[in-house]
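Inside the fold
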Amino acid sequence: MENKTLFFILGIGLVALALIVSAIGLRFEKFPGSRLVQLGVVALFAAVVVGTAAFAWLEAEDEQQHQHEEALAEAAESNEAGGDEAEAQEEVGPGVATTTTTAAASAAGAQVFDENGCGGCHTLAAAGSTGQIGPDLDGALKGKTEEFIHTSIVDPNAEIATSYSPGVMPENFGSDLSSDELDALVQYLAESTGAKGGG
Ligand code: HEC
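This structure is a prediction, so every number in the text was calculated from the model and none was measured. (Residues numbered from 1 in each chain as written. Predicted model: local features only at pLDDT ≥ 70, side-chain atom pairs only at ≥ 80, totals over all residues. Heavy atoms only, no water.)

**Here we look at the overall build of the protein chain**
- Helix and strand content of the protein chain: eight helices and two strands.
- For the protein chain, the succession of helices and strands along the chain, N to C, is α-α-α-α-β-β-α-α-α-α.
- Burial analysis of the protein chain (199 residues in total) assigns 23% to the buried set.
- Accessible area of the protein chain: about 13000 Å², with a carbon and sulfur share of 60%. (Helix = DSSP H or I, 4+ residues; strand = E, 2+ residues; numbered from the N terminus. Buried < 20%, exposed > 50% of the residue type's maximum accessible area, 1.4 Å probe, protein only. Areas by Shrake-Rupley, 256 points an atom, 1.4 Å probe, with all protein chains shown as cover.)

Okay, structure coming up:
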């Protein structure tokens, strides 16, 4: 952290200044000689002290920010763990997942949608996207199964939406996205468009 270094330099500067001034004071009995020098020395001291204090303060803020970020990362991690749990529960049987874990998976799905540029081609109200190249997902996915959504993403050319051309939607999502990401994305789309499998 560079703030720490500056803080350190300022601290050393303060000590050095004190040593130099007292050394000069010892050599010249009448030091400080003039009012101007006196004021200058006082001002210099004040500046260094204020600077040191400012950096100490900045450093403390930085530390707080850091802790805040750590807390956020932890929260995200536990969210992810929640998602895994939901998945495990889904295997046991439907309807066991809690609202919290569903919300976590849905938020993860929204992130996958954003990060993969789906919104550039698709309109989706939940994501606030207005892409026109592919079908409007709000309308197109209504009443569709999660299975259909999943297939549409990993194998876009398996079934081409009416009046759209094959080969436009990228085919790499099936291999680029992890199965967790895919599941979250499908769940998110199902929920936000009112597809059958969703809530
Ligand atoms: C380069 C533009 C483009 C991008 C990026 C894109 N799509 Fe598509 N998508 C299309 C087109 C065009 C179609 C219609 C042709 C077809 O069915 O393959 C389509 C079809 C679909 C369908 C089926 C809709 C229906 O009515 O059958 C789904 C679901 C879908 N996309 C989801 C996604 C998701 C999720 C992403 C991001 C991971 C994404 N798309 C990224 C262009 C795109």
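And the narrative resumes.
**Here we look at the coordination of the iron atom of the ligand**
- On the protein side, the iron atom of the ligand has His122 (NE2) and Met169 (SD) as donor atoms, found 1.9 to 2.0 Å from it.
- Accessibility expressed as a relative area gives 10% for His122, which makes it buried.
- Here Met169 falls in the partly exposed class, since its relative accessible area comes to 25%. (Donors = N, O, S within 2.8 Å, 3.2 Å for Na, K, Ca; no water.)

**Notes on the site of the ligand**
- Every one of the 25 residues lining the ligand counts as a neighbour, but Cys118, Cys121, His122, Pro156 and Met169 are closest to it.
- Interatomic distance of 2.7 Å between a side-chain N/O atom of His122 and a nitrogen atom of the ligand.
- Glu159 places a polar main-chain atom, nitrogen or oxygen, 3.4 Å from an oxygen atom of the ligand.
- More than half of the atoms of the ligand fall within 2 Å of the grid points belonging to the second largest pocket.
- Where the shell around the ligand is concerned, the elements lending two or more residues are helix H4 (118-121), helix H5 (137-140), helix H6 (146-154) and helix H8 (179-193).
- Looking at which element gives the most residues to the shell around the ligand, the answer is H6, with three residues.
- Partitioning the shell around the ligand into residue classes produces 19 nonpolar, five polar and one charged. (Near = heavy atom within 4 Å. Polar contact = N/O pair within 3.5 Å; in protein donor to acceptor, adjacent residues only side chain to side chain. 1 Å grid on protein atoms, 1.4 Å probe; cavity = no way out; pocket = protein on both sides within 12 Å on 5 of 7 lines; lining within 4 Å. Sits in = over half its atoms within 2 Å of the grid points. Nonpolar A, V, L, I, M, F, W, Y, C, P; charged D, E, K, R; others polar.)

**Let's talk about H8**
- Between its first and last C-alpha, H8 extends 21 Å over 15 residues, near the 21 Å set by a 1.5 Å rise per residue.
- Of the residues making up H8, those classed as buried are Leu182, Ala184, Leu185, Val186, Gln187, Tyr188, Leu189, Ala190 and Thr193.
- Taken from the residues just after H8, Gly194 is the one with a positive phi, measuring 75°. (Expected span 1.5 Å × (residues − 1).)

**Brief notes about the layout of surface pockets**
- Its volume calculated, the second largest pocket comes out at about 700 Å³.
- Taken together, 34 residues make up the lining of the second largest pocket; nearest its centre are His122, Pro135, Leu137, Ser152 and Met169.
- Every element with two or more residues in the lining of the second largest pocket is listed here: H4, H5, H6 and H8.
- Sort the elements by how many residues they give to the lining of the second largest pocket and H6 lands first, with four residues.
- Classifying every residue of the lining of the second largest pocket by side-chain character gives 23 nonpolar, nine polar and two charged. (Points joined across faces, edges and corners; volume = space filled by probe spheres on them.)

**Quick word on unusual backbone geometry**
- Phi at Ser163 is positive, roughly 70°, even though this residue is not glycine.
- Within the secondary structure, Ser163 sits in the loop between H6 and helix H7 (173-176).

**Side note on the side chain of Thr193**
- Along the chain, Thr193 falls in helix H8.
- Classification of Thr193 as buried rests on a relative accessible area of 4%.
- Looking at Thr193, its side chain comes within polar contact range of the main-chain oxygen of Leu189, at 2.7 Å.
- Not counting the four nearest positions on each side in its chain, Thr193 is found in contact with Leu124, Leu137, Asp138, Leu141 and Lys142. (Contact = heavy atoms within 4.5 Å.)

**Things to note about the packing of H6 against H8**
- Two elements in contact, H6 and H8, have axes whose closest approach is 9 Å; the angle formed by their N-to-C orientations is 125°. In terms of axis orientation, H6 runs oblique to H8. Viewed along their axes, H6 and H8 form a crossing whose handedness is right-handed. In this structure, H6 contributes Glu146, Ile149, His150, Ile153 and Val154 to the contact, and H8 contributes Leu182, Leu185, Val186, Leu189 and Ala190.
- Of the residues belonging to the contact of H6 with H8, the class tally is eight nonpolar, one polar and one charged. (Axes fitted to C-alpha atoms, helices over the stretch in contact; angles between N-to-C directions. Parallel < 35°, antiparallel > 145°, perpendicular 65-115°, else oblique. Left-handed = near helix turned anticlockwise from the far one by under 90°.)

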